[in-house]
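# Structure at a glance
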Amino acid sequence: MSTQTRRRLTDAPFLAAATGGEPSRRPVWFMRQAGRSLPEYRELRKGIGMLESCFDPELVCEITMQPIRRHGVDAAILFSDIVVPLKAAGIDLDIVPGVGPVIASPVRTVADVKALPRLRPEEVGAVTDGVRLLTEALGDTPLIGFAGAPFTLASYLVEGGPSKNHERTKAMMYADPQTWHALLGALTDITIAFLQAQLAAGVDAVQLFDSWAGALSLADYRDFVLPHSERVFAEIADAGVPRIHFGVGTGELLGAMGEAGADVVGVDWRVPLTDAVRRVGPGKALQGNLDPAVLFAGTAAVETEARRIAAEADEAITLGAAGHIFNLGHGVLPDTDPGVLTALVQLIHEL
């Protein structure tokens, strides 16, 4: 497949902070900044399924652009879903409103793992077409591509959908580690192919979401997950773009997640950035970490918490962090007032 020449965004604050440079202002973007919190998104998506939206390049472009226009954030993140490459490869799944991804035939056996398809770049052509539209539309705003990490994808496939306890997933890990590693190996291949396709289309950074890794102990993460996440980051290193790693409830795993190879480690709201830098170690940028629920608490509370996090970020940089990108500690909640986010962006840019 052809490779698009990546834009030169030498003055972008987001990229400067991610790579140890001196940003002209404190950069900010929000996970799930495009989506249900925006009335224009809800209007656009009327009668259109989630996966259908993810495979429509014009919709992908428009939805990704909405928070750029409204909030003035310092980076866009591609509108997609972590199960998109699985769907594109031919796995029978759907995103059920109010539930999440549901897998028609869960992966439970060696035969199931062997039957998993591989992802060909042309199968995500709609996604890469969306990326190309965005690189033209975004001007000097960077575009973040993303993928789900192998463990989180495996959890959906093994459980058959979202799970609170991940019991079937952990049962496979403990009882049949050979099959487990074969499964994660196959999913690592899919994740790499998906990210490489986005990179070839011109994204300026990538984020690997390991949404459910916080369900694991540190020992289990190191044994059953880390080698596969390391391979993802190693295989995309030559692209020369910032690589971000994020998970929820991963405070005890931050050091190991930092070892996986990312340049930026996302931190949820449970761990202060001054603690996070000690766990991650020097030389990597941090991203985060306002609790999304604070956005419902009123202007004074939002400002107090934002200033606290900015101060902690500055201290973390003195302790060895390469930089800081302001973000939430997880995604924007659906009922969030968009005006609160716009005001928060303005505040961060002033700090």
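What counts and how
Residues numbered from 1 in each chain as written. Predicted model: local features only at pLDDT ≥ 70, side-chain atom pairs only at ≥ 80, totals over all residues. Heavy atoms only, no water. UniProt positions renumbered as here; feature names shortened; annotations may be inferred. Helix = DSSP H or I, 4+ residues; strand = E, 2+ residues; numbered from the N terminus. Contact = heavy atoms within 4.5 Å. Polar contact = N/O pair within 3.5 Å; in protein donor to acceptor, adjacent residues only side chain to side chain. Core = buried A, V, L, I, M, F, W, Y, C linked by side-chain atoms within 4.5 Å. Buried < 20%, exposed > 50% of the residue type's maximum accessible area, 1.4 Å probe, protein only. Expected span 1.5 Å × (residues − 1). Arc of directions from axis to C-beta.

### Let's talk about the UniProt feature "binding site: substrate" (unreviewed entry) in the protein
Feature annotation in UniProt places "binding site: substrate" (unreviewed entry) on Arg32, Gln33, Ala34, Gly35, Arg36, Asp81, Tyr156, Ser211 and His330, given in this structure's numbering. Look at the named residues: they lie 299 residues apart in sequence, and the longest C-alpha span between them is 23.4 Å, so in the fold they stay spread out. With respect to the helices and strands, Arg32 occurs in the loop between α1 (13–18) and α2 (39–44). Looking at the secondary structure, you find Ala34 in the loop between α1 and α2.

### Side note on the UniProt feature "site: Transition state stabilizer" (unreviewed entry) in the protein
Taken from the UniProt record, the annotation "site: Transition state stabilizer" (unreviewed entry) applies to Asp81. By secondary structure assignment, the location of Asp81 is in the loop between β1 (76–77) and α5 (84–89). Look past the residues within four positions of Asp81 in its chain and what remains in contact with it is Met50, Cys54, Ile95 and Phe146. One polar contact links the side chain of Asp81 to the main-chain amide nitrogen of Val83, over a distance of 3.0 Å.

### Structural notes on the nonpolar core
Ranked by size, the top nonpolar core spans 125 residues in total, and within it Leu183, Leu286 and Leu344 carry the most contacts. In this structure, Leu286 is in contact with Val264, Val265, Val267, Leu273, Ala276, Val277, Val280, Ala316, Ala321, Gly323, His324 and Ile325, ignoring residues within four places of it in sequence.

### Observations regarding helix α15 (residues 299–318)
Helix length check: α15, at 20 residues, gives a terminal C-alpha distance of 29 Å against a target of 28 Å (1.5 Å per residue), a fit within 8%. Regarding α15, the residues found buried are Val302, Ala306, Ile309, Ala310, Glu312, Ala313 and Ala316. Considered in projection along α15, the buried side chains sweep an arc of 165 degrees and stay on one side of the axis. Turned more than 90 degrees away from the buried face of α15 sit Ala300 and Thr318, all of them exposed.

### A word on unusual backbone geometry
For the peptide bond that leads from Gly288 to Asn289, omega is -5 degrees, which places it in the cis range. Mapped onto the fold, Asn289 is located in strand β8 (residues 285–290). The phi torsion at Arg32 lies on the positive side, around 60 degrees, for a residue other than glycine. On the basis of relative accessibility, which here comes to 42%, the residue Arg32 falls in the partly exposed class. Unlike most non-glycine residues, His166 shows phi in positive territory, near 55 degrees. Note that His166 resides in the loop between α8 (150–159) and α9 (167–175). The class for His166 is buried, based on a relative accessible area of 3%.

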